[in-house]
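Close look at the chain arrangement
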Amino acid sequence: CLIYLLSFIGTEYLWYDQINRIDTFWTSYKYPILTFFISLPVTFLFALSILLTNFNKRSSSNKATNKLSKNPSFSKFSKPVVVLVSLTIGFMISLNLAGNWKTIMLYLNQTSFGQTDAIFGKDISFYTFTLPFIKLIRSSLTVESVMLLIGVIAIGLFFGGIRYTKISNQHSIIEKTPMNSMIFLVTLFIVFQAAETYLSRFALLLKNGERITGGEWTDINIVSPSYLIMTVYLIVFAVLFIIIANATKKNNLDIVNKKVTVNPVTFLIGGEIIYAVISFLAVGLIPIIVQRLYVNPNAQSLEKPYIQYNIDATRQAWGLDDVKMTSYNVTEGTSADALKQDAETANQIRLLDPQIVSPTFKQIQQTKQYYNFADTLSVDKYTFDDNGAKKTFDTLIAAREINLSGNDQRNWTNDHTVYTHGFGVVAAYGNAIESDGKPKFYEKDIPTTGLLTTEENYEPRIYFSPNAPDYSIVGQKSDDGENASWEFDYPTDQAGGATTTYEGNGGPKISNPLIRLMYAILFKSDQIFFSERVTTDSQILYDRDPAERVEKAAPYLITDGRVYPAVVDGRVKYIIDCYTSSASYPYSKQVDLGAETTDTITSSSSSVESLDSKKSSYLKNSVKAVVDAYDGSVTLYKWQDDPILDTYSKIYNTKLAGLDEVSGDLMSHFRYPEDLFKVQRSLLAKYHVTDPSQFFSGEDFWAVALNPTSDATATSSNSSSSSTSTKASNSKNQPPYYLTLKTKEMENAVFSLTSSFIPGGSSTREILTGFLSVDSDAGNEAGVVGKNYGTIRLLELPKNSTVPGPGQAQNNFNANATVSTQLNLLQSGSTTVMRGNLLTLPLAGGLVYIQPVYVKSSSNTSFPLLKKVLVSFGDKVGFADTLDDALNQVFGGGADTASNATASTDKASDSSSATNPDDSTDSTGATDSSDSTGSNSSSSNSATNEDKIAKLKELSSSADTALRSGDLATYAAIQNQIKDLINSL
């Protein structure tokens, strides 16, 4: 164990030194050690002074112990035993303090919030930093006092300083020295008890009640004054105890001598009993009676100010104080003109579902079995030249990671020295598809080609990623000093494929036998020590998950559950949103972060996780972290001012980059974090209500809309956390979606994160009550955050509105006769219909629901293809091959401006080499339908109706055959011919 511990510490030092964060390493060891060795002398000497004094002045009247004390062997070892006991007590207390070194350092380095609580007027830093420190010191000293009191009694009983005598009646005899020590320690205990009682007043503001977090009327007006009275009582009790105990103190005093009117032991026991009774009455029984008889009948008026404190603190702590709430008077009428007015939003509607399309990415772009993509793709945005103008496109992007489990030749050499890295990213337009329903890629293949690889210094190799191997040994050179080039790079037509040698600085160098031995012990692999592929030029790459690297580099940060790749300045970077958190913000609603960030995606995906279960009443996205996929370098950008971040930065001496160091390209890929938004939307379900009386009634409380398209949460109730029921319930929530949209108060369409609300309560009513979005576009100017980034917008629907919620919209789709008939046809034979994400958009003066429909063959190598689009507006439903056609069915036209939302029909087009990302559409945005079916349509137009009907029957039979065989591309082409024939007839 010791050898492994030394190896761990040594390799940790090398790791932190390599990423240039050695201060973090030293902090993690320095402050616990300093805390221990600074507190140990204090706690040890305090214990020794009391116990040794009692030992040196032990009783000489006890003949048995007096005789024993004169024994040379006893005299030789008894004092060291006392010293050892004192050291043990000091060691235990100091070890506890060392384990809580962060609490101590936070207190010593605290930064003011500049905000005060509503009751006591203390800065929030008092609750976050000072109060935990005081409680730690009080509890430590209380424990030591109790342990010393036991030690004093033990010494007294053993040596006769505390004894019984039978002169007339059985009496207790306590000599002067143990009496003094016991008086001191008991008084100390009472004082600490008083301190705990006094501090309990402040803890009331952190109390998590059924209605609100923070003290309510009974807490503030009954319990808090009671704590103050009890504190005064304990102080008076301690003083009287000292007076009474000293008044009866004499050498060899019989403390039950009838001349003594007050027995201090009896007084102590009686005083504690009285305190327990007062506690039961003052903070237990009386508050219950007052609450039931006085507060509950008048609760709405009495609780009003405290509910207001809760509303204000919650909105301030969770970043909800500047929510732009707008009444949205929806219209149910549809017209082409209404749709044309929102052409900018319609033009950029994202159709591809990041979770459903992942298998399609894998089948088309995985290339080899030893590559893989995340099971849920990331949504981002990229800007390209479009006929001389800059145009931004919503994008689905994923990194092609190495996947060792897909390699048939598994051995140590292959796993750790050959297959060391992934290769490139794959990106597709979020709102355009090929004619057969496949994603339209603009970055693809190996070697990578496309719009993201135009820079000369583009580095596609991915050594650091969420699913990278546990460790790889790279950068080796052969004996002649040349690059060994045995790292597999990418497959080629030649045997063995292309190879490379790592030239970055991503891990510690294994430069000598000692370091090799340490890593061999750490990873339990003798191959590291004996393999000839490990040379003095080798580097070992480990801790390669970007989120884990960030958490090690800054242990006080909480990382968002989604880590997403981006191509930035010619490099593949992983971007991670990071948070600072506290559970000690007075009156702010306390939530479980794990439960509130759970939804259908986190319940079914391995690449997107909820936050760890942790109580919190304050969360801030204070840091944006960036990890280079090639060299693993970690850069932490200070995104927001935050007292907790500033305090931790002083403790760890953290190197934080400023916004002035963010390039324009990197800035364009920063976005509003999902987990923070999930917690905010959960809170806004209640805290959109700012009137305390209305909040008390709860009649306008909402709930996050459930996901009507997913059954992935069927087994989520097996969670073992303390918040199992809440987490299981939230696991049915619809995830938030990144969309480019424009609401009526916005000047332009903005890349946003969105969600929707339905009425709250135990019975689910699928009526839409609100639509929530947050501006997620940080801009593209170096060092400057977009002026509207982080602006939360809440569209509140009228209370008498009957706009369908997501669940009802899904039911409308399912109940539509035309839709159900065509879906049944699509699902016949060996194919399966898959519903994509149900998107909600404020469009044409109302709320539009859009859902892509995918078809997937049942064969093992099949993948989902986008074949249909569903659109719902009010009670109207559109169902067509393209979004434009579906919108036109609902609005009677007006969708011709949605040029990016249609399918590309040019099968031969290569989007990766196109200079115009929209080359599949004409200048008006209409889809080019002159594909390979055109000749068939022309010939059929010249035939007689009988010929056309016969041809139609023939095509229908061919379509059924193609569908049963899983040939979806042929099926789609035949359907287009059938459509042309029907139109001509």
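Please refer to the structure placed before this passage.
Residues numbered from 1 in each chain as written. Predicted model: local features only at pLDDT ≥ 70, side-chain atom pairs only at ≥ 80, totals over all residues. Heavy atoms only, no water.

Mapped onto the fold, I33 is located in helix α2 (residues 22-56). Expressed as a C-alpha distance, the spacing of I33 and W101, which sit 68 residues apart in the sequence, is 9.1 Å. (Helix = DSSP H or I, 4+ residues; strand = E, 2+ residues; numbered from the N terminus.)

With 14 residues, helix α23 (residues 674-687) extends 19 Å between its outermost C-alpha atoms, agreeing within 8% with the 20 Å of an ideal straight helix rising 1.5 Å per residue. Within α23, 12 of the 14 residues are buried, leaving the element largely enclosed by the surrounding structure. Listed as buried for α23 are E674, D675, L676, F677, K678, V679, Q680, R681, L683, L684, A685 and Y687. (Expected span 1.5 Å × (residues − 1). Buried < 20%, exposed > 50% of the residue type's maximum accessible area, 1.4 Å probe, protein only.)

In terms of burial, strand β32 (residues 865-873) is largely enclosed, as nine of its nine residues are buried. For strand β31 (residues 846-857) and β32, the ladder comprises eight bridges, and the chain directions are antiparallel. Following the sheet pairing, Q851 is matched in β32 by L870. Taken together, the five bridges between β32 and strand β33 (residues 876-880) define a ladder with antiparallel strand orientation. Within β33, the residue paired with S872 across the bridge is V877. If you look at the hairpin formed by β32 and β33, you'll find two residues sitting between the two strands, and G874 has a positive phi there, around 65 degrees. (Pairing = 2+ DSSP bridges.)

Once that is clear, we can look at the packing of aromatic side chains. As enumerated under the stated definition, the model contains 58 aromatic pairs in all. Relative to Y16, the ring of W15 has its centre 5.1 Å away and its plane inclined at 85 degrees; by these criteria the two rings are edge-to-face. Comparing W15 with Y16, the two get one shared label, buried. Taken together, a centroid distance of 6.3 Å and an interplanar angle of 15 degrees make the contact between Y519 and F523 stacked. Note on Y519: relative accessible area 0%, which makes it buried. Within the aromatic cluster, the residues linked to one another by ring pairs are Y13, W15, Y16, F25, W26 and Y29. The side chain of R516 reaches across the aromatic face of F529, ending 5.9 Å from its centre. (Phe/Tyr/Trp six-rings, centres within 6.5 Å; stacked < 30°, edge-to-face > 60°. Lys NZ or Arg CZ within 6 Å of the ring centre and 35° of its normal.)

Cis rather than trans, the peptide bond between I446 and P447 has omega equal to -10 degrees. With respect to the helices and strands, the residue P447 is situated in the loop between β10 (439-444) and β11 (449-450). Unlike most non-glycine residues, T367 shows phi in positive territory, near 70 degrees. Within the secondary structure layout, T367 lies in the loop between α14 (358-365) and β4 (371-372). With a phi close to 55 degrees, K524 is a non-glycine residue in the positive phi region.

Our next topic: the packing of helix α1 (residues 2-18) against helix α16 (residues 513-522). The relative placement of two packed helices comes down to the angle between their axes together with the axis-to-axis distance. Relative to each other, α1 and α16 sit at 115 degrees, their axes nearing to 9 Å. The orientation of α1 with respect to α16, classified from their angle, is roughly perpendicular. The chirality of how α1 crosses α16 is left-handed. Facing I3, Y4, S7, F8, G10, T11 and L14 of α1, the residues of α16 in contact are I515, M518, Y519, I521 and L522. (Axes fitted to C-alpha atoms, helices over the stretch in contact; angles between N-to-C directions. Parallel < 35°, antiparallel > 145°, perpendicular 65-115°, else oblique. Left-handed = near helix turned anticlockwise from the far one by under 90°. Contact = heavy atoms within 4.5 Å.)

A word on the pattern of salt bridges. Summed over the entire model, instances satisfying the criterion amount to 25 salt bridges. Between D219 and K207 there is a salt bridge, and its shortest N-O distance comes to 3.1 Å. Taken together, the residues span a long stretch of sequence, with D219 in helix α8 (residues 217-247) and K207 in the loop between α7 (176-203) and α8 at a distance of 12 residues. When the shortest N-O distance is used, the salt bridge between R562 and E674 registers 2.2 Å. In this pair, R562 is assigned in the loop between β17 (558-559) and β18 (564-568) and E674 in helix α23, connecting sequence segments 112 residues apart. What you see here is one network of salt bridges that share partners, running through R571, K573, D628 and D631. (Salt bridge = Lys/Arg side-chain N within 4 Å of Asp/Glu carboxyl O.)

Our focus in this paragraph is the sheet that holds β10. In spatial order, the strands read β5-β6-β9-β10-β11; together these five strands make up an open sheet with antiparallel pairing. Of all strands in the sheet, those bounded by a partner on one side alone are β5 (378-386) and β11. Looking at chain direction, strand β6 (residues 389-399) and strand β9 (residues 425-433) are connected through five bridges and run antiparallel. When the bridges of β9 are listed, A399 appears paired with V425. Lying over the sheet, α14 contacts β6, β9 and β10, oriented at roughly 55 degrees with respect to β10.

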